[in-house]
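# Inside the fold
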Amino acid sequence: MQGNLFWEEMMADIFTEAVKLYGLRKYDESLRRLESILVSDGQDVDLDVIYYIGLCYVRISKPDEAMQFFEQIVTVCKDEKRCNQCRLILAVLYVQTGRFTLADYELRKLLQNGCQTVPVLTVLGYAAWAQKRTNEAVDWYAKALEIEPDNATAL
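Here we summarise the structure given alongside this text.

How each quantity is defined
- Residues numbered from 1 in each chain as written.
- Predicted model: local features only at pLDDT ≥ 70, side-chain atom pairs only at ≥ 80, totals over all residues.
- Heavy atoms only, no water.
- Helix = DSSP H or I, 4+ residues; strand = E, 2+ residues; numbered from the N terminus.
- Buried < 20%, exposed > 50% of the residue type's maximum accessible area, 1.4 Å probe, protein only.
- Contact = heavy atoms within 4.5 Å.
- Expected span 1.5 Å × (residues − 1).
- Polar contact = N/O pair within 3.5 Å; in protein donor to acceptor, adjacent residues only side chain to side chain.
- Salt bridge = Lys/Arg side-chain N within 4 Å of Asp/Glu carboxyl O.
- Phe/Tyr/Trp six-rings, centres within 6.5 Å; stacked < 30°, edge-to-face > 60°.
- Lys NZ or Arg CZ within 6 Å of the ring centre and 35° of its normal.
- Axes fitted to C-alpha atoms, helices over the stretch in contact; angles between N-to-C directions.
- Parallel < 35°, antiparallel > 145°, perpendicular 65-115°, else oblique.
- Left-handed = near helix turned anticlockwise from the far one by under 90°.
- Nonpolar A, V, L, I, M, F, W, Y, C, P; charged D, E, K, R; others polar.

So, about the overall build of the protein. A tally of helices and strands in the protein yields 8 helices and 0 strands. Mapped in sequence order, the helices and strands of the protein form the string α-α-α-α-α-α-α-α. Taking the principal axes of the C-alpha coordinates as reference, the protein spans close to 60 × 30 × 30 Å. In the protein, which comprises 155 residues, the share counted as buried stands at 38%. In the protein, of all internal contacts separated by at least 6 residues, the share reaching a separation of at least 24 is 43%.

Structure below.
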């Protein structure tokens with residue numbers, strides 16, 4: 001029992017160090033620490049570890065790898081705020097990689113969840129623009145500007 005407690009504390013220390021490295025923009029180092037938790041922990045891994053691994057992959061421009069981790073979160077996450085955040089990240093990654101049907105699914109899911117926020121509306125605009133649906137893009141950006149008239153992205 002004490003060995004298990006020691007193990008959990010050690011994993012928590014590694015996670016804390018990895019988050020600090022992420023904050024310092026040392027994404028490769030952070031990723032190595034976080035992945036060591038995945039490899040060495042035989043139990044269910046904390047969703048925060050998976051979340052930060054996904055963020056690291058975004059920061060080092062590996063969207064396909066990042067998507068795998070965010071997809072895991074949205075399928076099991078109980079925290080609606082975290083789930084919605086991951087859906088938005090996924091939507092952006094899907095648009096950037098030309099997976100428009102998947103982006104549309106995540107964005108519609110966000111709207112169904114009541115997330116008609118400026119970030120969601122601007123990503124909807126971005127997705128429409130990327131698909132050459134200019135009028136629709138303008139409409140989404142206009143809705144974002146109704147909420148936040150000085151939003152740089154929507155402008």
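Our focus in this paragraph is helix α5 (residues 80-96). With 17 residues, α5 should cover 24 Å at 1.5 Å per step; its first-to-last C-alpha distance of 24 Å lies within 8% of that length. C83, N84, C86, R87, L88, I89, L90, A91, L93, Y94 and V95 are the residues of α5 that are buried. Buried residues belonging to α5 abut α3 (47-59), α4 (63-76), α6 (100-112) and α7 (118-130). The N-cap residue of α5 is D79: its side-chain oxygen and the backbone nitrogen of K81 are 3.1 Å apart. Directly after α5, the chain includes G98, whose backbone phi takes a positive value near 80°.

The subject of this paragraph is the pattern of salt bridges. In this structure the tally under the stated criterion is 6 salt bridges. Measuring nitrogen to oxygen at the nearest pair gives 2.9 Å for the salt bridge that ties E17 to R33. With E17 in helix α1 (residues 2-23) and R33 in helix α2 (residues 27-40), the pair connects residues that are 16 residues apart, well separated along the chain. Residues R87 and E106 are paired through a salt bridge, measuring 2.4 Å at the closest nitrogen-oxygen approach. Taken together, the residues R87 in helix α5 and E106 in helix α6 connect sequence positions 19 residues apart. For the pair R87 and E106, a shared accessibility class is recorded, and that class is buried.

For the rest of this paragraph, the subject is the packing of aromatic side chains. Going through the model one piece at a time under the given rule, you end up with 7 aromatic pairs. Residues Y57 and F69 carry aromatic rings whose centres are separated by 5.8 Å and whose planes lie at 20° to one another, so their mutual orientation is stacked. Placement of Y57 in helix α3 and of F69 in helix α4 is noted, with a sequence separation of 12 residues between them. One exposure class covers both Y57 and F69, and it is buried. A connected cluster of aromatic rings, assembled from ring pairs, spans F15, Y22, Y27, Y51, Y52 and F70. In this structure, K143 is placed above the aromatic ring of W140, and the distance from its NZ or CZ to the ring centre is 4.8 Å.

A few words on the packing of α3 against α5. The contact between α3 and α5 brings their axes to 12 Å, and the two run at 25°. As the angle between them shows, α3 and α5 are arranged roughly parallel. The hand of the α3/α5 crossing is left-handed. Of the residues in α5, those in contact with D48, Y51, L55 and V58 of α3 are R82, Q85, C86, I89 and L93. Per-class residue counts for the contact of α3 with α5 are 6 nonpolar, 1 polar and 2 charged.

Without other data, these values stay purely geometric and don't point to any function.
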